[in-house]
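Structure assessment
Spelled out, the chains give:
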Amino acid sequence: MTDSAPLDVDIALLGGGGAASLLLAALDRHGVRDLRIAVVDPVRRRGQDRTWAFWGHPGTDLDPLLSASWRQVEVATTARRRVLDLTPLRYAMLRSGPVYDRAAAAERRLDATRIVAPAETVTDDGTRVLVRTGGGPTVRAAWVLDSRPRPPARAGRTTWLQHFRGWWLAAERPVFDPARAVLMDFRTPQPPRGVSFGYVLPVSDRYALVEYTEFSPDLLTDAGYDAALAGYRDLLGLDPAGLRVREVENGVIPMTDAPFPARPSPRVVRLGTAGGATRPSTGFTFSAMYRQADQVARALAAGRAPVPQEAYPRRHRWMDAVALRALDRGGVGGPEFFDRLFDRNPAERVLRFLDGLTTPAEEVAIMNSTRLLPMIAATAGDVAHRVRDRLRPTRPAPAVPPPVVGDPLGSAPRRAGPPRGEDEVTAR
């Protein structure tokens, strides 16, 4: 196949991680069978290279793939530990292996063409898109669905990172409560500028993912992550002599009010974080990524353009910008901010808000949960900054750094997930 004879397809998927895998499964689930599809990715994804966690109603196509789910979660601060009943929702853990396996089976049923090469250039002339690959055939597509990592269109007014390290811990005796996950534990030492917390996702009473997370502008060192995780393990009262680190996960997610254009040209649609699926104030991504895949598949099955809805309402993106600014400038503390949200609202409302699914009336109740004066100050500062942005040249956005990966702990394999910006989500 040469440039003079490109491979003609209806849909080209660029990237093969979570967003593309969910989309392949959704196309299969909605009975799309008459489209020519190409998947362009330099890596064949398989195995457990990442973990997703999310909330939602049970009874979806993801249920058979879950590693665990919980009706109760815990939110802890230095002042108290609160157990939240999520009914009618549940919190669930999904590891990548079953997602990749299902996507591979869907790819075969869809008779998609797999091109194991990077997409180097994407040229959209308004009627077709030409994708030149590195070492593979050139692809000419009616539509391109792109989930590869992409920086935002410009620098944000506030730019933080969600960065983390998690240990998959195997215990010699029962030490975990498999009926309850720890959603956020703010008893960890707080950084000078930012927010930190731990969380625990138990698969059984002897096996769990224990993770340390920071929202802050800068990454830690390898030793810093291990020290923070060891400190959180000790805070949980876990005896290291009775534990073995089976796997290690590392990741970085952008947290910024910078724009991620979901449709950079007429026939190119971006998915995952590149398409705005990451919630700026929390880093949550999976639910929006899943919605994007389902909406695209439904549209194609109905013969419509594969363009999903905006991942979050504009008013939510504005509220995120204000909240990020308040946290960054020290107007509110992270533990206090989240503690007040869960203290003054039903857990279901808070979780639906974080997914962008609440009504304006519910959002008024959410805003009334926060401290008023710091939020007014952050709102005024955000407005002033937006005016300045209109008057000065566009500044390029900083690149999302790769996750910090060091030497294995003992005999434990250490694994770096991709910078969790491609189509990745925090393990929460």
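Predicted model only: the values in this text are computed from it and were never measured. Per-chain numbering applies: the sequence of each chain, read as written, is numbered from 1 onward. For a predicted model such as this one, the threshold for reporting local features is a pLDDT of at least 70, and the threshold for listing and counting side-chain atom pairs is 80 or more; totals across whole chains, interfaces and linings nevertheless cover every residue. Note that the side-chain values use all heavy atoms of the structure and ignore hydrogens as well as water.

**Some points on a nonpolar patch on the surface**
Residues enter a patch when their relative accessible area is above 30% and they make no salt bridge; the linking distance is 9 Å between like charges and 5 Å between nonpolar side chains (Val, Leu, Ile, Met, Phe, Trp, Tyr). Note that accessible areas follow from Shrake-Rupley with a 1.4 Å probe, and for residues the cover is restricted to the protein chains shown. A pairing counts as a salt bridge when a side-chain nitrogen of Lys or Arg comes within 4 Å of a carboxyl oxygen of Asp or Glu. A cluster of nonpolar side chains, Trp318, Val364 and Met367, forms an exposed patch at the surface whose accessible area comes to about 260 Å². Helix and strand definitions here come from DSSP, where helices need a minimum of 4 consecutive H or I residues and strands a minimum of 2 consecutive E residues; each element is numbered from the N-terminal end. For Met367, the location among the structural elements is in helix α8 (residues 360-367). You can call Met367 partly exposed: its relative accessible area is 38%. Note on classification: 1.4 Å probe, protein chains only; a residue is buried when its accessible area is under 20% of the maximum for its type, exposed when over 50%, partly exposed between these limits.

**Remarks on unusual backbone geometry**
Between Thr87 and the following residue, Pro88, the backbone shows a cis peptide bond with an omega angle of 10°. Here Pro88 shows up in the loop between β6 (81-85) and β7 (90-95). Despite not being glycine, Asp111 shows a phi value in the positive range, around 55°. Within the secondary structure layout, Asp111 lies in the loop between α2 (96-109) and β8 (113-115).

**Digging into the sheet that holds strand β4 (residues 68-70)**
Sheets are built from strands paired through backbone hydrogen bonds, the pairs being either parallel or antiparallel. Spatial ordering of the open sheet is given by β3-β7-β4, a layout of three strands whose pairing is antiparallel. In this open sheet, the two edge strands, each paired with only one partner strand, are β3 (51-56) and β4. Averaged over all pairs of adjacent strands, the angle between strand axes in this sheet comes to 20°, irrespective of strand direction. Strands are labelled as partners when DSSP assigns at least two bridges between them. Pairing geometry for β4 and β7, over three bridges, is antiparallel. Bridge pairing in β7 places Trp70 opposite Tyr91. Geometry is summarised by axes, namely lines fitted to C-alpha atoms with helices restricted to the contacting stretch, and by angles between N-to-C directions that run from 0 to 180 degrees.

**Some words on the pattern of salt bridges**
Throughout the structure, instances matching the rule amount to 41 salt bridges. We note a salt bridge from Glu107 to Arg114, for which the minimum N-O separation is 2.8 Å. Taking relative accessible area as the criterion, Glu107 reaches 9% and is therefore assigned buried. By relative accessible area, Arg114 is classed as partly exposed at 22%. For Arg352, the salt bridge identified is with Glu348, shortest N-O distance 3.4 Å. Separated by four residues within a single helix, Arg352 and Glu348 lie in helix α7 (residues 347-354), roughly one turn from each other.

**Let's talk about the confidence of the model for the protein**
pLDDT gives the predictor's per-residue confidence on a scale running from 0 to 100. Summary statistics for the protein give a mean pLDDT of 91 and a share of 94% for residues scoring 70 or more. The criterion used for residue contact is that any of the two residues' heavy atoms lie within 4.5 Å. Below pLDDT 50 for its whole length, residues 410-428 participates in 113 contacts with residues either more than four positions away or in separate chains.

**Some points on the pairing of strand β11 (residues 139-146)**
Of all eight residues making up β11, seven are buried, and the element is well covered by its neighbours. As paired elements, strand β1 (residues 7-14) and β11 share seven bridges and run parallel to each other. Opposite Leu14, over in β11, you have Asp146 as the bridge partner. Of the strand pairs in this sheet, strand β10 (residues 129-133) and β11 are connected by three bridges, and their pairing is antiparallel. From the neighbouring strand, Val129 faces β11, where its bridge partner is Ala141. Strand direction decides the pairing type here: β11 and strand β17 (residues 268-270), joined by three bridges, are parallel. Among the inter-strand pairings, Val144 is bridged to a residue of β17, identified as Val268.

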